[in-house]
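Chain by chain, the residues:
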Amino acid sequence: MITSFLPILGVDIAGSVAMIVLALLTLYKARILRATDPDNAVFLYLLWISTGFTVFAVSRSFGHILKQFLVLTHNADAWQSISAYSGSVNTVSFMLVSLITVFFNQSWRINEKILSGRKELEDAHQQLINLNQTLENKVIQRTERLTSSEHKCRRIFEQSLDTILLTDNDFKILETNPAGIELTGYAKDEMLMNSMTVGDFFADPSDWDKVRKKIRSEEYVLNEEVAFLKPDNAYVTVMITAGIDYGAFGCAKSHHFIIKNINEKKHMERQIAQADKMAALGELSAGVAHEINNPLGIILGYTQLLLKQDPDHAEDLKIIEKHVKSCKTVVSDLLAFSRKGTSRIALVDINGMVKGVAKFLSNHSDFRNIDICLELYQNGQLDVTGSEQELTQVMINLMINACHACEKTGTICILTEKPDEKTVLVTVQDNGTGIEKKDIQRIFDPFFTTKPVGQGTGLGLSVGYGIIKRHHGDIRVKSTPGSGSAFTIHLPAASPDHSAQTEDHP
Amino acid sequence: MHCFEKARYPISAVIIWAVLFLLPSQAFAIQYHDSSEGIIVHQIGHLFFLASMVVLLFTVRGKALARKKGWRCIQYAALLFIFWNLNTLAGHFLDNQIHIVDMTPISFLQVEIASKSNSSLLNWGYYLLKLDHLLCVPAMYFLYKGVSLLVENQQPETDQQP
């Protein structure tokens, strides 16, 4: 049968070319597919199979085209010699494709395992992210709580009006609050740089020994009253509570102190006690003075009568008269202390009064070697309402005491001040021997004196105290043994519109 | 103190090897292969190719991959390659194995197909079998289309990745 060759030839050549083109395109697409997910085993499989098909298509198509060309150009013998090779390559290529294809199932399983593993990994990763997020949230919450708590504690520490001190095991200061700086008078850096201990604040080292031993033995002290000495030599009475902190989270053992300033409270208590004592003594003194004054008047009257009538015993009678007069002076002082006297109330120019006292005493023999200096308030009138006579008496008493403290050689300064519109201060300051700490509580007691017997009645300061109290004022003392004392009288200033007035004060 | 290492092979094995090596005889290990083996191997190759395509077809079906258009195209490709393999198996069987059909190009325009039985049906059947590219080219096209569709399906997923 002879028939048209063109369909076979056309389909064979065009088909071969199409096979090559399609196989190459498939390989190209398979490479793109693989690039999208290099870990995907199925895509790798498709790349392999596409490669196999490309090898198959190229080898087969070239064989076919070559065969047609050689046969049609009457070179069939040439084709016969190479057809075996072409056929073999062709066989190998599609067997390769077959082999790869057979492993599709295995490739799929491997891919599923990979995907499953990846999914598990992603789940685990997500769980880790969630856990991490939860952890982060918890850390944030805890940090916020911790910050809030720390802020509260810090505020309590910073705002506390009581001193809070934190020390190490050797009582070396580690931390203090602003109240501690104000109470002790030392800057925080000073405390830390100089490695100060709590004991350095104590005025009396024996007090510190006692407190320290108690902390060591009992691990706490509760409301111990001691005195602190500030850098300016001022004493402050404080109440100490302390305990031991054995530390947490690896922190070292430490001590914490809460120190309360009870200086004002103690001062007030002392003032109240003093006032009560003075009131009781005043009543007693008034009673005694009243009962003694009349007999003394009678004794003095009869003594003076006898002096006129019996000159033979004049010497003895004068001794009696002298001592009776001394007794009357004491009684008079007692009456003055107990407010039983009378005085004239008027506007008193303090500066004028001070100048008068200074002038009067400068002529006194005891003040011959005393340097009296005046530092008077210059910014206006310094008036108080009261008895000039009584205030003068107080000033003279203070000056005489200062003179005795200086042992008649030294400097006495009188300062007048007006710190505010309502207060007038008068300070008598000497550089004498000062007052012992044990005596300072008693100096305003009647009949208390440190002078030798016969040189003082012990009534000067107590009478002065009574007068100042009667003027609604106060008298305070600061003294350093060996350096001198300063007595400051606080008096209420007269109001500017105060007109001069006089009245009898009982 | 050194210990003597134990012999790896027993002495008897050494003797056997020595006898075999010193007293050789004809082994007939290399046989002559007839040229007809080539076509048989080729046909086995086609059968193997066909079988692998069947495996691919049913694997794609078994894993319900045919729901995706790409894999469905690959399934079509496998089916067409199965038909193509059947086509080529038949063609090679007729002209190369049992030699009952022969085709001789006369010119670019004409070809002579001669069968031993002068069966016109066989001649025309063989003529159609020679148009095998009508099966393998579409098969290749479906393979290309299948891979292309898989790339398209994969691309949006890749684009979504940060």
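Use the structure listed above.
Residues numbered from 1 in each chain as written. Chains lettered and ligands numbered in written order. Predicted model: local features only at pLDDT ≥ 70, side-chain atom pairs only at ≥ 80, totals over all residues. Heavy atoms only, no water.

A.B. asks: Run through the overall build of chain A, naming residues and quoting values.
C.D. replies: Along the backbone of chain A there are 13 helices and 14 strands. Residues counted as buried form 38% of the 506 residues belonging to chain A. For chain A, the computed accessible surface area is about 29000 Å², with 57% contributed by carbon and sulfur atoms. (Helix = DSSP H or I, 4+ residues; strand = E, 2+ residues; numbered from the N terminus. Buried < 20%, exposed > 50% of the residue type's maximum accessible area, 1.4 Å probe, protein only. Areas by Shrake-Rupley, 256 points an atom, 1.4 Å probe, with all protein chains shown as cover.)

A.B. asks: Residues and numbers for the overall build of chain B, please.
C.D. replies: On a plain count of helices and strands, chain B comes out with five helices and two strands. Listed N to C, the secondary structure of chain B is α-α-α-β-β-α-α in terms of helices and strands. Counting the 162 residues in chain B, one finds 35% classified as buried. Summarising the internal contacts of chain B: among those between residues at least 6 apart in sequence, 62% fall at separations of at least 24. On chain B, roughly 10900 Å² of surface is accessible, and the fraction owed to carbon and sulfur atoms is 65%. (Contact = heavy atoms within 4.5 Å.)

A.B. asks: So, the sheet that holds strand 8 (residues 370-375) of chain A: which residues are in play, and what are the values?
C.D. replies: Residues and elements named next belong to chain A. Ordered by their spatial adjacency, five strands build an open sheet running 8-10-11-13-12, and the pairing between neighbours is mixed. The open sheet terminates on both sides in strands that have one partner only, identified here as strand 8 and strand 12 (474-480). Each strand of the sheet is rotated relative to its neighbour by a mean of 15°, with strand direction disregarded. The sheet contact formed by strand 11 (residues 423-430) and strand 13 (residues 484-492) spans seven bridges and is antiparallel. (Pairing = 2+ DSSP bridges. Axes fitted to C-alpha atoms, helices over the stretch in contact; angles between N-to-C directions.)

A.B. asks: I'd like to hear about the pattern of salt bridges, residue by residue, with values.
C.D. replies: Residue and element names in this part refer to chain A. Tallying each qualifying case throughout the model produces 19 salt bridges over all chains. With a shortest N-O distance of 2.5 Å, K188 and E175 are connected by a salt bridge. One end of the pair, K188, is in helix 6 (residues 188-193); the other, E175, is in strand 3 (residues 173-176), with 13 residues separating them in the sequence. The partly exposed category is assigned to K188, whose relative accessible area is 29%. (Salt bridge = Lys/Arg side-chain N within 4 Å of Asp/Glu carboxyl O.)

A.B. asks: Go over the pairing of strand 12 of chain A with me, naming the residues and quoting the values.
C.D. replies: Residue and element names in this part refer to chain A. Of the strand pairs in this sheet, strand 12 and strand 13 are connected by seven bridges, and their pairing is antiparallel. Within strand 13, the position partnered with T480 by the bridge is G484. Here strand 12 folds back onto strand 13, and the loop between the two strands holds three residues, one of which, G482, carries a positive phi near 90°.

A.B. asks: Account for the sheet that holds strand 2 (residues 163-167) of chain A, naming residues and giving values.
C.D. replies: Strand pairing in a sheet is mediated by backbone hydrogen bonds. Such pairs are either parallel or antiparallel. All names here are of chain A. Strand order in the open sheet formed by five strands is 3-2-6-5-4, with antiparallel pairing between adjacent strands. In this open sheet, the two edge strands, each paired with only one partner strand, are strand 3 and strand 4 (220-229). Recorded for the sheet is a direction-independent mean angle of 30° between the axes of neighbouring strands. Here strand 2 pairs with strand 6 (residues 254-261) via five bridges, running antiparallel. When the sheet's bridge partners are listed, T167 is paired in strand 6 with H255. Helix 7 (residues 205-218) contacts strand 4, strand 5 (235-245) and strand 6 of the sheet and is inclined by roughly 160° relative to strand 4.

A.B. asks: If you had to explain the interface of chain B and chain A to someone new, which residues and values would you point to?
C.D. replies: Counting residues at the interface gives 48 residues for chain B, matched by 50 residues for chain A. Of the roughly 4500 Å² buried where chain B meets chain A, counting both sides, 79% is carbon and sulfur surface. For the pair chain B and chain A, the number of links is one salt bridge. In this structure, B:D132 and A:R60 form a salt bridge, with 2.3 Å as the shortest nitrogen-oxygen distance. Linking chain B to chain A there are ten residue pairs in polar contact (both at pLDDT 80 or more). Within the residue set of the side of chain B that touches chain A, elements represented by two or more residues are helix 2 (36-62), helix 3 (69-97), strand 1 (101-105), strand 2 (110-115), helix 4 (120-129) and helix 5 (133-160) of chain B. Element by element, the count of residues in the side of chain B that touches chain A is highest for helix 5 of chain B, at 15 residues. When grouped by side-chain class, the residues that make up the side of chain B that touches chain A number 31 nonpolar, 13 polar and four charged. In terms of strand pairing, strand 1 (residues 2-4) of chain A meets strand 2 of chain B through three bridges, oriented antiparallel. Within strand 2 of chain B, the position partnered with A:I2 by the bridge is B:E112. (Buried area = accessible area lost by both parts, 1.4 Å probe. Polar contact = N/O pair within 3.5 Å; in protein donor to acceptor, adjacent residues only side chain to side chain. Nonpolar A, V, L, I, M, F, W, Y, C, P; charged D, E, K, R; others polar.)

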